[in-house]
Amino acid sequence: MSTRSALAAKAIEVLRENDRGSYTVPTKGLYPFQWNWDSCFTALGQSHYDMDRAWTEVETLFAHQWADGMVPHMVFHEPAPTYFPGPDVWGTGRTPPTSGITQLPIAGFAIHQLFRRNPDAGRARPLLDGLDRWHGWFYRTRDPGRTGLVAVIHPWESRDNTIDWDEAFERVPTDGVMPYERNDLKHADPATRPTKAQYDRYLWLVQHFRSLGWDSTLTHDASPFQVVDPGFNAILIRSCLETAALADALDAPDIAARHRNWAEQGLVALDGLWSDRHGQYLPFDRVGGRLSESPSIGGLIPVFAPIPAPRAAALASTIGSMGTEVRYLVPSHAPSDPRFDLKRYWRGPVWLVCNYMIADGLGRAGEVAMAERLTADSLQLIEQSGFAEYYDPRDGTPLGGGRFSWTAAMVLEFLEPGPEAGA
């Protein structure tokens, strides 16, 4: 068996180990339920060896879409007596229970890729309708000013403890936060996880939104934390374009037109987040009314969307300069920033799902050499350190959870790319 074949076999083994029949857990113990964007990446990996199972993964996720259109970031398919925050903390009143916030909208991209690999209109059409409702929910509830860009209102919706949030997150109080015992610290080194101060604020927001009955017409304006994440928006823009292409294939011209319009407006607005000084996009603090000086991977992911060629070239150059400071690309924060942290979750480590999106975008933009470097780095991390949740960018030390589903799924994608995306 070749090295590549052996690596693929190990990746499939991880995915099957975490498979619960109709959904996949990210990893045993640390994350024992279904997470939104994890499942979408996982489905891409499953499509390489079991197409029916890949469709089921995203169908299970969308089966728990809320009436208002939101697709929650967590679904508690099984009882969660020891997990925190569990269903009782969220208090969304749903069966089975779900969280009350959403997550990065990669589903439009993933579902269109499944359709390209297996054009099953009967399975794709209900999902197209679900995507239309979810994307509409974003632009209706998270962009009340009709700027073309949506905001995240809880850090768990996008890269939990990224440095991008620090300044805005200081506005979130901690008074009245319930006593709690964290589940993540039972399964991973506390030095690699968010801090207690951050966790207190995470919980304050959950309690605050719960007091509003999880009413999406209220939560955006009621949140002291409203951040326009360029990476989140780029993923939404790309998913809108992929959804439009899927709608074309399924003879749904109204959905296609609506999604292209959202994407066009978003691309124009996204350019307003560009920083020449940093050579990348920056997050915008909507409450504070200014860009945050935080050069993170969130400002590099926009290459996943069809940004202008000069912007893509500048991002490739920015990533290349990071390669002089760390061995493995792409760190989740600029190593030149004094706040850079090699091992703490989204404040420095390498994540293969981000490498996948950035490499895809760079390749589509003609920045092939850098795309190939990211693919090579990703596979070398796997060969050296296994299927970890994330990795130290300087020496490749595995961090967080082990035998991680979306990491395994990305290995299959890197080893055997699917058809070229048709956004």
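Residues numbered from 1 in each chain as written. Predicted model: local features only at pLDDT ≥ 70, side-chain atom pairs only at ≥ 80, totals over all residues. Heavy atoms only, no water.

**Re the packing of aromatic side chains**
Thought 1: Enumeration according to the criterion identifies 38 aromatic pairs in this entry.
Thought 2: A ring pair is formed by Phe33 and Trp35, whose centres lie 6.5 Å apart and whose planes are at 35°; its orientation type is tilted.
Thought 3: With a centroid separation of 5.6 Å and 75° between ring planes, the pair formed by Phe138 and Phe232 is classed as edge-to-face. Of the two residues, Phe138 sits in helix H6 (residues 121–141) while Phe232 sits in helix H10 (residues 230–249), which places them 94 residues apart along the sequence. Of the two residues, Phe138 and Phe232, neither departs from the other in class, the shared state being buried.
Thought 4: It is Arg193 that lies over the ring of Tyr345; its NZ or CZ is 4.4 Å from the centre.
Thought 5: Lying across the ring of Phe304, Arg238 places its NZ or CZ 4.4 Å from the centre. (Phe/Tyr/Trp six-rings, centres within 6.5 Å; stacked < 30°, edge-to-face > 60°. Helix = DSSP H or I, 4+ residues; strand = E, 2+ residues; numbered from the N terminus. Buried < 20%, exposed > 50% of the residue type's maximum accessible area, 1.4 Å probe, protein only. Lys NZ or Arg CZ within 6 Å of the ring centre and 35° of its normal.)

**Topic: the sheet that holds strand E3 (residues 227–228)**
Thought 1: With antiparallel pairing, three strands are arranged side by side in an open sheet as E3-E6-E7. Only two strands of the sheet have a single partner each, and these edge strands are E3 and strand E7 (290–291). (Pairing = 2+ DSSP bridges.)

**Thoughts on the packing of H6 against helix H11 (residues 253–270)**
Thought 1: Closest axis-to-axis distance for the H6/H11 pair is 11 Å, and the angle between their directions is 35°. Crossing of H6 against H11: the hand is left-handed. Contacts from Arg125, Leu128, Asp129, Leu131, Asp132, His135, Gly136 and Tyr139 in H6 reach Ile255, Arg258, His259 and Trp262 in H11.
Thought 2: Residue classes in the contact of H6 with H11 are distributed as five nonpolar, three polar and four charged. (Axes fitted to C-alpha atoms, helices over the stretch in contact; angles between N-to-C directions. Left-handed = near helix turned anticlockwise from the far one by under 90°. Contact = heavy atoms within 4.5 Å. Nonpolar A, V, L, I, M, F, W, Y, C, P; charged D, E, K, R; others polar.)

**Remarks on the nonpolar core**
Thought 1: With 141 residues, the main nonpolar core has Phe41 and Ile358 as its most contacted residues.
Thought 2: By residue number, the principal contributor to this core is H10, which donates 10 residues.
Thought 3: Contacts of Ile358, omitting those with residues within four sequence positions, involve Ile297, Leu300, Ile301, Val303, Ile319, Val330 and Leu374. (Core = buried A, V, L, I, M, F, W, Y, C linked by side-chain atoms within 4.5 Å.)

**Thoughts on empty space enclosed by the protein**
Thought 1: By the definition in use, this model includes three cavities of 30 Å³ or more.
Thought 2: By volume, the largest cavity is sized at about 360 Å³.
Thought 3: Together, 31 residues line the largest cavity, and Tyr31, Trp35, Trp156, Asp160 and Tyr345 are the ones closest to its centre.
Thought 4: Here the lining of the largest cavity is built from residues that sort into 20 nonpolar, four polar and seven charged.
Thought 5: Of the pockets and cavities examined, the second largest cavity occupies roughly 60 Å³.
Thought 6: As for the second largest cavity, its lining consists of Trp66, Met70, Gly100, Ile101, Trp137, Arg142, Ile153, Phe209, Trp214, Ser216 and Thr219.
Thought 7: Here the residues of the lining of the second largest cavity sort into seven nonpolar, three polar and one charged. (1 Å grid on protein atoms, 1.4 Å probe; cavity = no way out; pocket = protein on both sides within 12 Å on 5 of 7 lines; lining within 4 Å. Points joined across faces, edges and corners; volume = space filled by probe spheres on them.)

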